[in-house]
2 protein chains.
Amino acid sequence: MTDPPATSKGLEHVVLGDSAITLVAGETGGLTYRGFDIDELVPSATYEGVVSLLLDGSAPAVDPPSELSAELVRRRQLDDRTTRLADAVPLGLPPLEAMRSLLSLLGGPAWDYPPTRAQGLELVAKTPALLARYVRCSAGKPPVADRPDLGHAANYLSLLTGEAPTPERARALEQYLVLLADHGMNASTFALRIVVSTQSDLISAAVAALGALKGPAHGGAPARVSDMLDGVGTPDNAERWVAAALARKERLYGFGHRAYKTDDPRAVQLKRIARTIADPSRFALAEAVEHAGVAALQKRRPEARLFMNVEFYGAVVLEAVGLPRELFTPTFAVARTAGWAAHALEQASDNRLIRPDVRYTGPAPGRKWPTKAR
Amino acid sequence: MTDPPATSKGLEHVVLGDSAITLVAGETGGLTYRGFDIDELVPSATYEGVVSLLLDGSAPAVDPPSELSAELVRRRQLDDRTTRLADAVPLGLPPLEAMRSLLSLLGGPAWDYPPTRAQGLELVAKTPALLARYVRCSAGKPPVADRPDLGHAANYLSLLTGEAPTPERARALEQYLVLLADHGMNASTFALRIVVSTQSDLISAAVAALGALKGPAHGGAPARVSDMLDGVGTPDNAERWVAAALARKERLYGFGHRAYKTDDPRAVQLKRIARTIADPSRFALAEAVEHAGVAALQKRRPEARLFMNVEFYGAVVLEAVGLPRELFTPTFAVARTAGWAAHALEQASDNRLIRPDVRYTGPAPGRKWPTKAR
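One numbering rule holds for all chains: residues counted from 1, following each sequence as written. Just so you know, chain letters begin at A and ligand numbers begin at 1, following the order they were written in. Per-residue local features of the predicted model are confined to residues with pLDDT of at least 70, and side-chain atom pairs are confined, for both listing and counting, to 80 or more; whole-chain, interface and lining totals are unaffected and use all residues. The side-chain values count all of the structure's non-hydrogen atoms but skip hydrogen atoms and water molecules.

1. Here we look at the overall build of chain A
Here is step 1: Here a helix means four or more residues in a row that DSSP labels H or I, a strand means two or more in a row labelled E, and each is numbered from the N terminus. Looking only at helices and strands, chain A has 16 helices and 5 strands in total.
Here is step 2: Put simply, the radius of gyration uses C-alpha atoms, and a globule should come to 2.2 Å times the residue count raised to 0.38. Compactness check: chain A gives a C-alpha radius of gyration of 22 Å against a globular reference of 21 Å for 374 residues, within 12% of the reference.
Here is step 3: When its C-alpha atoms are laid out on the principal axes, chain A stretches across 70 × 55 × 50 Å.
Here is step 4: A total of 374 residues make up chain A; the buried ones form 62% of that total. With a 1.4 Å probe rolled over the protein chains alone, any residue whose accessible area is under 20% of its type maximum counts as buried; one over 50% counts as exposed, and the rest are partly exposed.

Structure, rendered in structure tokens:
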């Protein structure tokens, strides 16, 4: 036997290995995709530009990148076979349940290991197209034709609503997609990399990632932020509402993140976007809940400084661009497909099966099985 | 900043935490489910008994356990809604692709977090029933009615073939299912636990696990063992064939396992079962390939002792019970649903989000984005 191995429940502070994709600087509140700070990207970059950056490893010569953008437009068209597969998913399911099946049905031998850039672009392009079609059909509305003249974000809104969004809404959603496109080794990306590490296919990996993102401890809670804001109702009720919720031992949604010991830089950007685009009374309500929540949580645990996470003002932004709350986490997934594809490519480029050890704490070996009755 | 954290590509020797389910004693070649050695279980236990052991934490009073067995029989019936969902998956897909979609379509709010024993039994019961129905329909054959008088293993064979298997075949498959029911923190179980750690649902977690199992570096290779045996053809060709394959830098399937530094105890049991049930000429061929492969690999890397893994004689056993090779990995998944359910329950019982760190090796922050063209 060698030395006792490193132990960490939840793998906190365990380093899985190297990654050249995203730098999450939790101590200082920085987030960088391949050397580009998100504060640089949010005002300037298109989502297509960020897809190029994440998948290809360097900034495109111009943004949007013409070749990649055209390929995304081409790949977001649903051919007859894909449409038939998509129509096999029963209507009316919660959208994330539907997305898991839609992506799974998109799979097949064309996705076999190793993952490729083309597969990655297919994942990025098809995910919003399949989701939007499903949501339309579930609502009893006809599917909307793709608009090749629209960028990725604007077209997604168009596919959902049947009309081209205002430039302000399209750009706000695009900035949301840029901000959520990757976040290093979070639980969904980690699940994806484990699946790729077995040399399984990209769809199996993306479906695993989506399943992880679905959990409220990862990406599944932003709709609850909107519910919470509705519950508070008015800014002057925020302090009382927060105190009552904490007294009932309820969780406040949108507060705290394991990786950041200071402001989540995405939350800072999203608050700025929300201030621009949200209804002023809704923004004022959100800000009152933020202040009341931070103050109350700080008072309870003065040693643990808590900050807003990406879900809080993310929810306010998604409301403001016109998305219903059941599409908040699915839209997070739409954004994250770019990061998932990049991590799949990186994992496969120097692959090694990922499996940790566990410490066995069950009964000692040597027990005797009861008489067999069959 | 604190001390540099522990690093391990592939997380080898990193301990995720405690588990009271399965002891994999890699140094000594032992495998124990909750204190019962598999050498004790294989001759005595039914699969239902092992499901009870894994999910409930202790051996049943009698085996098969009557309440649990009856519940599995009840849950393996496919109601109209489930049948309709299953029929939505296009026929003719590779069975693992189909299984991913079948399980995903089985999901829905009834599976919401936290996982329960009833959900676990539902997963164990429905997985073979859905798979067998799909395989029958894909082959253009009518689905077979469930046989409540048959145990889990025998009924699975009956659902696939339309006739009750011989007791020898049923028991050999049951022993295979017992041997494969769990194996600690392998890649599929790890992916499942990550998904559960986000408080996502058991179906999302099982679908993630299935995606990982699909990879040839985990569970996706046993059919290649049969292909390899076919390629060798006769025992006296084994040595020449192995040498030629290694000269072509091809991998030999069924050799080596990360966890074991000695005989994989499952491989020992499976070889014994294969000797009993397989056609003697097939068994002789397999044994000749085993000897030739181990000798050749030993010669190349004398320091790394290589042993047969579960896939090698597992493939010979599954052939002998009459399963076509495209069902080898799906049948591995059928066995492993019990372990997945047990690990989901254990993860949820003391849950903590699982996400490791990575070391960023990309470009330094501060790069400037090209001019935006849109």
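This is not the end of the story, as more comes after the structure.
2. Some thoughts on the packing of helix 2 (residues 47–56) of chain A against helix 8 (residues 167–180) of chain A
Packed helices, taken two at a time, are described by the angle between their axes plus the distance between the axes.
Residues and elements named next belong to chain A.
Here is step 1: Relative to each other, helix 2 and helix 8 sit at 15°, their axes nearing to 9 Å. What the angle tells us is that helix 2 and helix 8 run roughly parallel. Two packed elements cross with a definite hand, and for helix 2 against helix 8 that hand is left-handed. Across from Tyr47, Glu48 and Val50 in helix 2, the residues of helix 8 making contact are Glu174, Leu177 and Val178.
Here is step 2: When residues are sorted by character, Ala, Val, Leu, Ile, Met, Phe, Trp, Tyr, Cys and Pro go into the nonpolar class, Asp, Glu, Lys and Arg into the charged class, and all the rest, Gly among them, into the polar class. In terms of residue class, the contact of helix 2 with helix 8 is made up of 4 nonpolar, no polar and 2 charged. Working convention: axes come from line fits to C-alpha atoms, limited for helices to the stretch in contact. Angles between N-to-C directions cover 0 to 180 degrees. Throughout this description, any angle smaller than 35 degrees is read as roughly parallel, any larger than 145 degrees as roughly antiparallel, any in the 65 to 115 degree range as roughly perpendicular, and the remainder as oblique. Take the far helix as the reference: if the near one is turned anticlockwise from it by less than a right angle, the crossing is left-handed, and if turned clockwise, right-handed. Only heavy atoms matter for contacts: two residues are in contact if any of them lie within 4.5 Å across the pair.

3. Observations regarding the interface of chain B and chain A
Here is step 1: Tallying the contact residues gives 110 residues for chain B and 109 residues for chain A.
Here is step 2: The term salt bridge refers to a pairing of a side-chain nitrogen on Lys or Arg with a carboxyl oxygen on Asp or Glu at a separation within 4 Å. Counting across the chain B and chain A interface gives 8 salt bridges.
Here is step 3: The shortest N-O distance in the salt bridge between Arg359 of chain B and Asp18 of chain A comes to 2.7 Å.
Here is step 4: The definition of a polar contact used here is a pair of N or O atoms within 3.5 Å, where within protein one atom must be able to donate a hydrogen and the other to accept one, and adjacent residues in sequence count solely through side-chain atom pairs. Inspection of the region where chain B meets chain A yields 36 residue pairs in polar contact (both at pLDDT 80 or more).
Here is step 5: Taken together, the residues that form the side of chain B that touches chain A break down as 51 nonpolar, 34 polar and 25 charged.
Here is step 6: Note: two strands are recorded as paired if DSSP finds a minimum of 2 bridges between them. The sheet contact formed by strand 5 (residues 357–360) of chain A and strand 1 (residues 15–19) of chain B spans 3 bridges and is parallel. When the bridges of strand 1 of chain B are listed, Asp357 of chain A appears paired with Val15 of chain B.

4. Examining the sheet that holds strand 2 (residues 22–25) of chain B
All names here are of chain B.
Here is step 1: Judged by pairing direction, the sheet is antiparallel, and its 3 strands sit side by side in the order 2-3-4 without closing on themselves. A strand with exactly one partner marks an edge of an open sheet, and here the two such strands are strand 2 and strand 4 (36–37).
Here is step 2: Pairing geometry for strand 2 and strand 3 (residues 30–33), over 4 bridges, is antiparallel. If you follow Val24 over to strand 3, its bridge partner there is Leu31.

5. Description of the confidence of the model for chain A
Here is step 1: Averaged over all residues, the pLDDT of chain A equals 92, while 96% of them reach at least 70.
Here is step 2: In the predicted assembly, ipTM is 0.94 and pTM is 0.94. The predictor rates its confidence in each residue with pLDDT, a number between 0 and 100.

6. Quick notes on unusual backbone geometry
Note: most residues except glycine have negative phi, and most peptide bonds are trans.
Residue and element names in this part refer to chain A.
Here is step 1: In this structure, the amide linkage connecting Asp63 to the following residue, Pro64, adopts the cis form with an omega of 5°.
Here is step 2: Here Pro64 is to be found in the loop between helix 2 and helix 3 (66–75).
Here is step 3: One non-glycine residue with positive phi stands out, namely Lys249, at about 60°.
Here is step 4: By secondary structure assignment, the location of Lys249 is in the loop between helix 12 (238–247) and helix 13 (265–277).

7. Considering the environment of Val268 of chain A
Here is step 1: Here Val268 of chain A is to be found in helix 13.
Here is step 2: Put simply, Val268 of chain A and Pro148 of chain A are 120 residues apart on the chain and 32 Å apart in space, counted from C-alpha to C-alpha.

8. Brief notes about the environment of Asp56 of chain A
Here is step 1: Within the secondary structure, Asp56 of chain A is located in helix 2.
Here is step 2: Here Asp56 of chain A is in contact with Val51, Leu68 and Arg117 of chain A, once residues within four sequence places are set aside.

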